[in-house]
Amino acid sequence: EETFALVTTAGVHPPDPDPYDLAGSPSWRLIPGDVASDQLMVTHEHYDHRHADQDINCVFPIDRLRELADEGVIGGVGDKHLGFMGFSQLIRDLYERAAPEMAKIIERSRADAVLLTAGCPLCHRTVVAIQRELEMLGLPTVLITLVPKASAEMGPPRAIHPVGFTLGDALGLPHRPDIQRAVLLDALRRWEAREEPGHIWELEYPAYTPDPAIT
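As the structure is a computational prediction, the values presented were derived from the model and not from experiment.

Draft legend 1. Focus on unusual backbone geometry. Phi is positive for H175, which is not a glycine, with a value near 60°. Along the chain, H175 falls in the loop between β9 (159-162) and α6 (177-192). Given the relative accessible area of 54%, H175 is considered exposed.

Draft legend 2. Structural context of helix α4 (residues 123-136). The end-to-end C-alpha distance of α4 is 20 Å, a good match for the 20 Å that 14 residues give at a rise of 1.5 Å each. Counted residue by residue, α4 has ten buried out of 14 residues, so it is predominantly covered. Those residues of α4 that fall on the buried side of the exposure criterion are C123, H124, T126, V127, V128, A129, I130, Q131, E133 and L134. Structurally, α4 contributes buried residues whose contacts are with β1 (3-8), β6 (80-84), α3 (91-107), β7 (113-117), β8 (141-144) and α5 (148-152). Following α4 by one or two positions, G138 has its phi on the positive side, about 90°.

Draft legend 3. Just the packing of helix α2 (residues 62-71) against α6, in detail. Viewed as axis vectors pointing N to C, α2 and α6 meet at an angle of 70°, and their least axial separation amounts to 10 Å. In terms of orientation, α2 lies roughly perpendicular with respect to α6. Where α2 crosses over α6, the two elements pack in a sense that is right-handed. Residues R64, L65, E67, L68 and E71 of α2 touch α6, and the partners they reach there are P177, Q180, R181, L184, L185 and L188.

Draft legend 4. Structural detail: the pattern of salt bridges. Applying the stated criterion across every chain yields a total of twelve salt bridges. The partner of R66 in a salt bridge is D63, and the shortest N-O contact between them spans 3.8 Å. Taken as a pair, R66 and D63 lie in helix α2 at a separation of three residues, close to a single helical turn. Of the charged contacts in the structure, one is a salt bridge between D79 and R110, with a shortest N-O distance of 3.8 Å. Residue D79 is found in the loop between β5 (76-77) and β6, and its partner R110 is found in the loop between α3 and β7; the two are separated by 31 residues along the sequence. The exposure class of R110 is exposed, given its relative accessible area of 64%. Taken together, the shared-partner salt bridges connect D93, R97 and E101 into one network.

Draft legend 5. Region of the structure containing the pairing of β1. With six of six residues buried, β1 lies mostly within the body of the structure. Side-chain alternation along β1 places T3, A5 and V7 on one buried face and F4, L6 and T8 on a second face that is also buried. One ladder, built from two bridges, connects β1 with β5; its direction is parallel. Paired with T3 across the bridge in β5 is G76. When β1 meets β7, the two strands line up parallel, connected through five bridges. Note that in β7 the partner of L6 across the bridge is L115.

Conventions we followed
- Residues numbered from 1 in each chain as written.
- Predicted model: local features only at pLDDT ≥ 70, side-chain atom pairs only at ≥ 80, totals over all residues.
- Heavy atoms only, no water.
- Helix = DSSP H or I, 4+ residues; strand = E, 2+ residues; numbered from the N terminus.
- Buried < 20%, exposed > 50% of the residue type's maximum accessible area, 1.4 Å probe, protein only.
- Expected span 1.5 Å × (residues − 1).
- Contact = heavy atoms within 4.5 Å.
- Axes fitted to C-alpha atoms, helices over the stretch in contact; angles between N-to-C directions.
- Parallel < 35°, antiparallel > 145°, perpendicular 65-115°, else oblique.
- Left-handed = near helix turned anticlockwise from the far one by under 90°.
- Salt bridge = Lys/Arg side-chain N within 4 Å of Asp/Glu carboxyl O.
- Pairing = 2+ DSSP bridges.

Structure (structure tokens):
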């Protein structure tokens, strides 16, 4: 019955003449709920996003969420999503300004719950700051983390770790909706679970094979 929004620190954004500051200034981009997935792009230089360039669902599973909504697995997909370039050394500004402001945008949207993803190793820390702000506003969340140690240090309320997935493949390989869907459904199961916050589920997906060209 829940409507899900997406929040990512993987550098996803719509076409924008003013892309993210790669030096790490904390800024975000509003991603409309009806955006076409092939209009989204990635600006980030701290992880290899070639797979996401081919298929944005690798880090921002908007098409997979829409499919689950159409099937009645979830209640719907939010009217607002957020993209953020999570490589930032301005940690105080992130905690005191950016993360709370981003959480309020989602709170004022149609979303009841939030799925989060990240890009580079530092992104996997900064995303949890945003996740915790969302939780404090009463929005239950789940994070898909590929760097569980970095995320765990920040205390994510709920998270899964697809074991062995390469950075940039939060949901798996490009144009492999079977893998992407499996990861997304496991994230939703973790979201539903009633257990101690902070535990990261370690999950394996035999269908996923790392791309040797992606490091």
